[in-house]
Amino acid sequence: MDVMSQLRRQLLEHTAFLRKEGFLDDQFEQLQKLQDENSPDFVVEVVSIFFEDSEKLLNNMAKALEQKIVDFKQVDAHVHQFKGSSASIGAMRVKNVCIEFRNYCEAQNVEECFRCMQKLQYEYVLLKNQLEYLFRVEQQIRAAGG
């Protein structure tokens, strides 16, 4: 099997893995369909913006939760924004943690909010690592002429 075939197989298998494990849903596939030869880096650009925004949102959530008196409405607003941006790129596991997190914000349960914050950070880092790997394989395919 030549290098290009191996890379394409790797890309297909990793994409299938991400869907099977619930990292990504159909929305990510829809995003990929918007990419064409005129905008070959469309998905990478959109996801890079998501990563930048996510870092800010996670920092804002953490700061809000560290206050002596937690403003649950403020925390919920950040979580709501993160849920929306996660849904827009098809980041299903991150979105699902946000849904759980919002329920605890509504209940004003600070302990569960902290637990969800940790879970959200964990899922976000996992997703970021998985997508960065996927994009590296895509980049290798393009560099090889594919």
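Whatever comes next refers back to the structure up there.
Attention here is on the structure that accompanies the text. What you see is a predicted model, and the numbers here were worked out from it, not measured in a lab.

## Examining the pattern of salt bridges
For step 1, the next point in the chain: Across all of its chains, the model carries 12 salt bridges by this definition.
For step 2, the next point in the chain: Ionic pairing is found between E13 and R9, a salt bridge with its closest N-O pair at 3.1 Å. Within this pair, E13 and its partner R9 are both found in helix 1 (residues 3-20), separated by four residues, close to a single helical turn.
For step 3, the next point in the chain: When its relative accessible area of 45% is taken as the criterion, E13 is described as partly exposed.
For step 4, the next point in the chain: Judged by relative accessible area, R9 falls into the partly exposed class, the value being 39%.
For step 5, the next point in the chain: The partner of D26 in a salt bridge is R19, with the nearest N and O atoms 2.5 Å apart.
For step 6, the next point in the chain: With a relative accessible area of 47%, D26 lands in the partly exposed category.
For step 7, the next point in the chain: It is possible to trace a salt-bridge network through shared partners that takes in R19, D26, E29 and K33.

## Here's the deal with the packing of aromatic side chains
For step 1, the next point in the chain: Under the definition given, this model contains six aromatic pairs.
For step 2, the next point in the chain: Arranged with centres 6.2 Å apart and planes meeting at 40°, the rings of F17 and F23 form a pair that is tilted.
For step 3, the next point in the chain: The exposure class of F17 is partly exposed, given its relative accessible area of 34%.
For step 4, the next point in the chain: Relative accessible area serves as the criterion here: at 5%, F23 is assigned to the buried category.
For step 5, the next point in the chain: Put simply, the rings of F50, F51, F82 and Y124 pair up and form one aromatic cluster.
For step 6, the next point in the chain: In this arrangement the basic side chain of R93 is found over the ring face of F23, its NZ or CZ atom lying 3.9 Å from the centre.

Calculation rules
- Residues numbered from 1 in each chain as written.
- Predicted model: local features only at pLDDT ≥ 70, side-chain atom pairs only at ≥ 80, totals over all residues.
- Heavy atoms only, no water.
- Salt bridge = Lys/Arg side-chain N within 4 Å of Asp/Glu carboxyl O.
- Helix = DSSP H or I, 4+ residues; strand = E, 2+ residues; numbered from the N terminus.
- Buried < 20%, exposed > 50% of the residue type's maximum accessible area, 1.4 Å probe, protein only.
- Phe/Tyr/Trp six-rings, centres within 6.5 Å; stacked < 30°, edge-to-face > 60°.
- Lys NZ or Arg CZ within 6 Å of the ring centre and 35° of its normal.

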